[in-house]
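# Observations on chain architecture
What follows is the residue order along each chain.
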Amino acid sequence: MPHVATSPTDLLSTLSGTAHLDGDRLVIDDEAAFRDAGIRDLAWTAAFSDDEATTTTAEWIVWEASQALGAVSASIQELYDARARGEVSGFTVPAINLRAQTFDMARTVYEAAAAADVGAVILELARSEQTYTFQRPIDYATSVLAGAIAAGWRGPVFIQGDHYQFNAKKYAADPEAMTEEIRRACRLAIDAGYRNIDIDSSTLVDLSRPNVDEEQRENYRRAAELTALIRTLEPKGITISVGGEIGEVGTQNSTVAELRAYLDGYRRELETRAPGARGISKVSVQTGTSHGGVPLPDGGVADVKLDFEVLRELGVVAREYGLSGAVQHGASTLPDELFHRFPAVETAEIHLATGFQNALYEHPAFPESLHREIEAWCFGSAAEERKAGQTDQQFVYTTRKKAIGPFKRRLWELETKDEILASQRRKISYLFTELRVNDSRPMVDRYVHPVELHRPIPDALKAAPAAS
């Protein structure tokens, strides 16, 4: 079992022989040992220590180790610019939301990526997922970078803030307060090391307005405002990849007229706010899917009628505006036989979340006793979320994601997790193949050049006896 350090001194002692401090820099002494037990202890300490100074120390060491070992958090912007120019094509970048077992899942993703020479893969977390999975941006970035280090990964690590979304009701009541929530979320994400952020102001689209420009106005206005803010927060030498969205997933399909209205308005607004600033690199659209799938009364998931022609057509228009293309959300519960069609219509990026959560909960090796505890937690702690007419199976399916945070440590420490992770790896490898990102590492390396960035050593670590 990994060691959860109780103090900065304890943590440094645990790492003795694998790494040490030289002034305010981390030096790796035994790379193999550090990538094995050392990084596991750091990941567990960052995730589960009750002492703030110890947590901060673990986070700092993981970040500095990622710089020293070449697993550097990076923006995918330059690859997407190359796609917009037509220099690369024929693949769809998977963006995988890691809700549970984040360290081990990140390790699994990068082991699978290394085996197939994949460079084009994003690991992301939605703003809503932060709350119920007990993962602030710094928690998520630390777990992902630690997982990459454990996998032996050297190369760009694309960490993304997914669905930095406006709540329409809160916005209607107080637009400035709601916008400030998203501003703060962007600041926290960038401080934590995220280099890719998707702004979702599509919830502000008002289809009751008299024309498509007015329908999209609040959407493109706020997206431009936040892009301008992000450009002021970027570390030197880094252009953060920003995404926009025109159609909230689960509503009516997007149209070319909506996309053009959004992009034209966005360009005008951004030029006014930040003349010459780089705009969004991609745009999410609605094509017939819904987040998490639509649960049936027996607990299954309904078939989806996904319109690939919408994706193709909107992608063409997006590239006319200098974007990489269209982004598909809510896809992880789709049938396996559909995934090869996304690169065929030049979908730029696809977001995959609930399917991996389901693969954890529904794996034969997942303990039945823990299943029962999680179901009881849903009935006891999420009862107010039950919709009229839902069966017990539908209710549990839609709410069990909320148990990930309360059961976080137990999920990380499952005795049967290796068997479950092996299944996850097979699915990840399958998706890499179907989305045509195998052998994409040379392409990524040609365009993406991560910027090494060191952080100030924490005061608690300066004061630790072993740091002297």
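It should be noted that the structure appears before, not after, this text.
The structure reproduced in this document is the subject of the present report.

Rules behind the numbers
Residues numbered from 1 in each chain as written. Predicted model: local features only at pLDDT ≥ 70, side-chain atom pairs only at ≥ 80, totals over all residues. Heavy atoms only, no water. Helix = DSSP H or I, 4+ residues; strand = E, 2+ residues; numbered from the N terminus. Rg over C-alpha atoms; globule rule 2.2 N^0.38 Å. Contact = heavy atoms within 4.5 Å. Areas by Shrake-Rupley, 256 points an atom, 1.4 Å probe, with all protein chains shown as cover. Buried < 20%, exposed > 50% of the residue type's maximum accessible area, 1.4 Å probe, protein only. Pairing = 2+ DSSP bridges. Expected span 1.5 Å × (residues − 1). Core = buried A, V, L, I, M, F, W, Y, C linked by side-chain atoms within 4.5 Å. Salt bridge = Lys/Arg side-chain N within 4 Å of Asp/Glu carboxyl O. Phe/Tyr/Trp six-rings, centres within 6.5 Å; stacked < 30°, edge-to-face > 60°. Lys NZ or Arg CZ within 6 Å of the ring centre and 35° of its normal. Bend = angle between axes of the 7 residues up to and from the residue. Polar contact = N/O pair within 3.5 Å; in protein donor to acceptor, adjacent residues only side chain to side chain. Right-handed = clockwise from strand over helix to strand, strands pointing away.

Here we come to the overall build of the chain. When helices and strands are tallied, the chain shows 20 helices and 11 strands. Taken over C-alpha atoms, the radius of gyration comes to 22 Å for the chain, in line with the 23 Å a tight globule of 468 residues would show. For the chain, the C-alpha atoms occupy an extent of roughly 65 × 55 × 45 Å along the three principal directions. The contacts in the chain between residues at least 6 apart in sequence include a share of 78% that link residues at least 24 apart. Summed over all atoms, the accessible surface of the chain reaches about 18,200 Å², with 49% contributed by carbon and sulfur.

For the rest of this paragraph, the subject is the pairing of strand S5 (residues 122-126). Here S5 lies mainly inside the structure; 5 of its 5 residues are buried. Side-chain alternation along S5 places Ile122, Glu124 and Ala126 on one buried face and Leu123 and Leu125 on a second face that is also buried. Strand direction decides the pairing type here: strand S4 (residues 93-97) and S5, joined by 3 bridges, are parallel. When the sheet's bridge partners are listed, alanine 95 is paired in S5 with isoleucine 122.

All right, on to helix H9 (residues 175-192) then. Taking 1.5 Å of rise per residue, the 18 residues of H9 would be expected to cover 26 Å, and the 26 Å separating its terminal C-alpha atoms lies within 8% of that figure. Glycine 193 sits one or two residues past H9 and shows a positive phi near 110°.

Attention now goes to the nonpolar core. Across soluble globular proteins, nonpolar side chains have a tendency to be buried as a group. Counting 128 residues, the largest nonpolar core has Phe34, Ile61 and Leu79 as the members making the most contacts within it. Not counting residues up to four positions away in its chain, the partners in contact with isoleucine 61 are Leu11, Leu12, Leu15, Leu26, Phe34, Leu42 and Leu461. Formed by 17 residues, the second largest nonpolar core is a distinct cluster that contains Leu360, Phe366, Ile404 and Leu414.

Per the counting criterion, the structure on display carries 39 salt bridges. Two residues, aspartate 36 and arginine 40, come together in a salt bridge whose shortest N-O distance is 2.7 Å. Here aspartate 36 pairs with arginine 40, and both are found in helix H2 (residues 31-48), just 4 residues apart, close to one helical turn. Of the residues examined, aspartate 36 reaches a relative accessible area of 42% and is grouped as partly exposed. Residue class for arginine 40 comes out partly exposed when judged on its relative accessible area of 32%.

Our next topic: the packing of aromatic side chains. By the definition in use, this model includes 12 aromatic pairs. For the pair tyrosine 262 and tyrosine 266, a centre-to-centre distance of 6.1 Å together with 20° between the ring planes defines the contact as stacked. In this pair, tyrosine 262 and tyrosine 266 both sit in helix H11 (residues 256-273), 4 residues apart, roughly one turn of the helix. Here tyrosine 262 falls in the buried class, since its relative accessible area comes to 0%. Ring pairing ties together the aromatic residues Trp44, Phe48, Phe103 and Trp412, which thus form one cluster. Positioned above the aromatic ring of phenylalanine 91 is the side chain of arginine 83, whose terminal nitrogen or guanidinium carbon lies 4.4 Å from the ring centre. The ring of tryptophan 63 has arginine 455 lying over it, and the distance from NZ or CZ to the ring centre is 3.6 Å.

Bringing the environment of alanine 95 into the picture now. You can see alanine 95 is positioned in strand S4. The spacing of alanine 95 and glycine 279 is 184 residues in sequence and 20 Å in space, taken between C-alpha atoms. Sequence-distant contacts of alanine 95, defined by excluding residues within four places in its chain, comprise Ile122, Glu124, Gln160, Glu349, Ile350, His351 and Leu352.

Moving on: helix H10 (residues 212-233). For H10, spanning 22 residues, the distance from its first C-alpha to its last is 32 Å, which sits close to the expected 32 Å at 1.5 Å a residue. In H10, a bend of some 40° at glutamate 218 exceeds every other bend along the element. For H10, the side-chain oxygen to backbone nitrogen distance between the N-cap and aspartate 213 is 3.1 Å, and the N-cap itself is asparagine 211.

In terms of residue burial, strand S7 (residues 196-200) counts as a mostly covered element, since 5 of its 5 residues are buried. Of the two faces of S7, the one carrying Asn196, Asp198 and Asp200 and the one carrying Ile197 and Ile199 are both buried. As defined by bridge partners, strand S6 (residues 155-165) adjoins S7 across 4 bridges and the pair is classed as parallel. The residue bridging glycine 161 from the neighbouring strand is isoleucine 197, located in S7. For the handedness criterion, the β-α-β arrangement of S7, H10 and strand S8 (residues 241-245) is classed as right-handed.

Backbone geometry places glutamine 101, a non-glycine residue, at a positive phi of 50°. Locating glutamine 101 in the fold gives a position in the loop between S4 and helix H5 (102-115). A relative accessible area of 2% places glutamine 101 in the buried class. The phi dihedral of aspartate 439 is positive, around 65°, even though this residue is not glycine. Its place among the elements puts aspartate 439 in the loop between helix H18 (417-434) and helix H19 (441-447).

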